Amino acid sequence: MWGFQQAPVPAASDDPAVDADLCGKTAAVVSNPDIPGSLTALQHELSKIPIAEKAALAHAQGLKPEIFNDDHVLQFLWAEKFDAALAAKRLVRYWSDRFKLFGPDKFVLPLTLKGALKDDSLALSRGYVQLLADTDTAGRAVLYLDWSSHEPSIGYSQESMHRVFWYMAHVAVENPKILETGIVLVIYPQEARLDQFDHSLWNTIADSCRYSLPISWRATHIVHPNRFFSIIHPVFMASLPQDVQDRVVVHSGTKMKVLANLLRYCLPWDKIPSDIGGCLDIEFDQWLSDRMAKEDQELLEKPSSTSSSSLVFSSVLNPAESRSSESNNAGNPLEGRALGLLSQLIQSGQTSSLPNAVASAVPALPPIQPNSFAGIDSNQLFLDLVHSSNSGQSSNGNAPGSDKRGDNSKQPAKGPKSIIKSGRKSDPRMDAAVEAKINDPDLSLVDALRQGGFVFPNIDDTNAPQYTVVDSDNVKITQRKNQLLRRLRSMKKKS
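Predicted model, so just to flag it, every value in this text is computed and none were measured.

Thresholds, definitions, all that
- Residues numbered from 1 in each chain as written.
- Predicted model: local features only at pLDDT ≥ 70, side-chain atom pairs only at ≥ 80, totals over all residues.
- Heavy atoms only, no water.
- Salt bridge = Lys/Arg side-chain N within 4 Å of Asp/Glu carboxyl O.
- Helix = DSSP H or I, 4+ residues; strand = E, 2+ residues; numbered from the N terminus.
- Buried < 20%, exposed > 50% of the residue type's maximum accessible area, 1.4 Å probe, protein only.
- Pairing = 2+ DSSP bridges.
- Axes fitted to C-alpha atoms, helices over the stretch in contact; angles between N-to-C directions.
- Core = buried A, V, L, I, M, F, W, Y, C linked by side-chain atoms within 4.5 Å.
- Contact = heavy atoms within 4.5 Å.
- Expected span 1.5 Å × (residues − 1).
- Polar contact = N/O pair within 3.5 Å; in protein donor to acceptor, adjacent residues only side chain to side chain.
- Disulfide = S-S within 2.5 Å.
- Phe/Tyr/Trp six-rings, centres within 6.5 Å; stacked < 30°, edge-to-face > 60°.
- pLDDT = per-residue confidence, 0-100.

**Quick look at the pattern of salt bridges**
The tally for this structure, following the rule as stated, stands at 23 salt bridges. A salt bridge links Arg 218 to Asp 21; its shortest N-O distance comes to 3.2 Å. Linking Arg 218 in strand 4 (residues 217–223) with Asp 21 in helix 1 (residues 16–23), this pair joins segments that are 197 residues apart in sequence. An identical accessibility class is assigned to Arg 218 and Asp 21; each is buried. Between Lys 271 and Asp 134 there is a salt bridge, with the nearest N and O atoms lying 2.7 Å from each other. Pair noted here: Lys 271 is in the loop between helix 12 (255–264) and helix 13 (284–301) and Asp 134 is in the loop between strand 1 (129–131) and strand 2 (141–146), with a separation of 137 residues, a long-range link. Classification of Lys 271 by relative accessible area gives buried; the value is 17%. By sharing partners, the salt bridges in this structure join Glu 174, Arg 291, Lys 294, Glu 295 and Glu 298 into a single network.

Now the structure itself:
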């Protein structure tokens, strides 16, 4: 997803649509969409997709039907500029990928810190993916990625960090305006080591952005690349499609040159982090605390009501499939019906009956209990999607670790939400280093870090340049000093 396009000025692509996305022009935005007509068209496109490919989608609909409302589906229509065929494919792919990424126990839980992310606190705390406090000047959400924060050796998996990216993307689109304007990625690799670039992780994230997540990815900016970037970027160039490469801009050179280039792409200095030359000081621990409080409050405010059905999306089966299923065992709510067909395939493990491409892409699902679908019409696979006001985030009260007060509840539709300030995770050792430096202003940064508890095994080696010294966590001393300076500046502003 990250090719190389060194561009001092915008509009370097031959594709006007790509140029519009890069520069935040209004041409990239759908105006006055026909929402009812688009929902109807999406229903028609879903009916064309083979039932085997919709396995994860149907299973989620059976377990948590209130998720599938108009708000949820409109996210995918916005992501595909209201192309119903592409939106239907993205919706199906989203639920298949969500099942594989979160697993059968968590894939229908709400994407919240105490929901589907409850086991990903370690990866989340790294601050690898951060949602910036404000949009760019084109109104697009900005996800900031610091490659130097990626340390899987401390105990989290690649899938865990991938889930963190999904979470941040979903937080971004809680603001309905972002569905229209889209998302921009800003990557900072300058302080990262070569081993901290995870090619496999970024391939999966790139695929999610392009095919699964309900977001409109507009552009990616790589800011202040370091030496190893010249080694890895040809790999991207050789493996990625041209339309992806065209959406990536690399910014290198002096601080003022980079800031001037970013400004041309709707990223002024007051909206970007201080790491890359901006003036935005970000504190991720505070963001996490505020975010958790916000999610807890929203759970308490959910009304105890059930979703009502609509007849707009009555089936995603082909007519022939529907007639065939109805003619088999009409008296059984599972067998002989759309969801019965899916359940039989899942419970019997008949993966051989699926097309080869589908069998490899769609995960094996756990058995569906017959009472999960009691009362559903004979030709209904997908819950009706229009008459609802839930934003798509609801908790599963029967899942481990979830709050049962949110079970079978609906949240009223709300207006645009403010994006909360983000940043990186605080370290207790860094807290102690800050305190030591404040108590003794004459103390050197390295001594303050040592007093805080950081260990630098090779710092006394006179033959080793200081920029090569790393601590016991394999983090460079220069990065630790920069972190300490940022904390001190933040403390000074607060006081």
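So, next bit.
**With respect to the sheet that holds strand 1**
Ordered in space as 1-2-3-4-5, the 5 strands form an open sheet in which the pairing is mixed. Sheet topology places strand 1 and strand 5 (248–251) at the edges, where each strand pairs with a single neighbour. Ignoring strand direction, the axes of neighbouring strands in this sheet form an average angle of 20°. The sheet contact formed by strand 3 (residues 183–188) and strand 4 spans 5 bridges and is parallel. Each residue of the ladder has a partner; that of Val 184, found in strand 4, is Ala 219.

**Regarding the nonpolar core**
Trp 95, Trp 147, Phe 165 and Met 168 are the most contacted members of the largest nonpolar core, which has 76 residues in total. What Trp 95 contacts, discounting residues up to four positions off in sequence, is Ala 56, Leu 57, Ala 60, Ile 67, Phe 68, His 72, Phe 107 and Val 108. Core analysis: the next-biggest nonpolar cluster, separate from the first, contains 16 residues, Leu 449, Phe 454, Phe 456 and Ile 477 among them.

**What about helix 2 (residues 35–48)?**
Taking 1.5 Å of rise per residue, 14 residues should cover 20 Å, and helix 2 covers 20 Å from first to last C-alpha, within 8% of that figure. Along helix 2, the positions that sit buried rather than exposed are Ser 38, Leu 39, Leu 42, Gln 43, Glu 45, Leu 46 and Ser 47. Residues of helix 2 that are buried make contact with helix 3 (55–63), helix 4 (70–79) and helix 5 (84–102). One side-chain oxygen at the N-terminal end of helix 2 lies 3.2 Å from the backbone nitrogen of Gly 37; it belongs to Asp 34.

**Looking at the state of the cysteines**
As used here, a disulfide is simply a covalent bond connecting the sulfur atoms of two cysteines. Under the definition given, this model contains 0 disulfides. A disulfide-free cysteine, Cys 266 has its sulfur positioned 7.0 Å from the sulfur of Cys 23, the nearest such atom. By relative accessible area, Cys 266 is classed as buried at 12%.

**Focus on the packing of aromatic side chains**
Counted by the stated rule, this structure contains 11 aromatic pairs. Judged by centre distance (5.1 Å) and plane angle (70°), the ring pair of Phe 76 and Tyr 94 falls under edge-to-face. Taken as a pair, Phe 76 in helix 4 and Tyr 94 in helix 5 lie far apart in primary sequence, 18 residues in all. Comparing Phe 76 with Tyr 94, the two get one shared label, buried. Seen from their ring centres, Phe 99 and Phe 107 are 4.8 Å apart, and the 75° between their planes marks the pair as edge-to-face. Here Phe 99 matches Phe 107 in class, with each residue buried.

**Side note on unusual backbone geometry**
A positive phi angle, close to 55°, is found at His 224, a residue other than glycine. Counting through the fold element by element, His 224 comes out in the loop between strand 4 and helix 10 (229–239). The phi angle at Cys 266 is positive, at roughly 70°, despite the residue not being glycine. In this fold, Cys 266 is placed in the loop between helix 12 and helix 13.

**Comments concerning the confidence of the model for the protein**
It should be kept in mind that the predicted coordinates are not to be read in detail where pLDDT is low. Looking at the protein as a whole, the pLDDT averages 74, with 68% of positions reaching at least 70. Segment residues 1–12: pLDDT under 50, and 55 contacts once partners within four positions in sequence are set aside and those in other chains are kept.

**Structural notes on the environment of Ile 187**
Mapped onto the elements of the fold, Ile 187 is located in strand 3. Looking at Ile 187, the relative accessible area reads 0%, which means it is buried. Placed 40 residues apart in sequence, Ile 187 and Trp 147 show a C-alpha to C-alpha distance of 7.3 Å.

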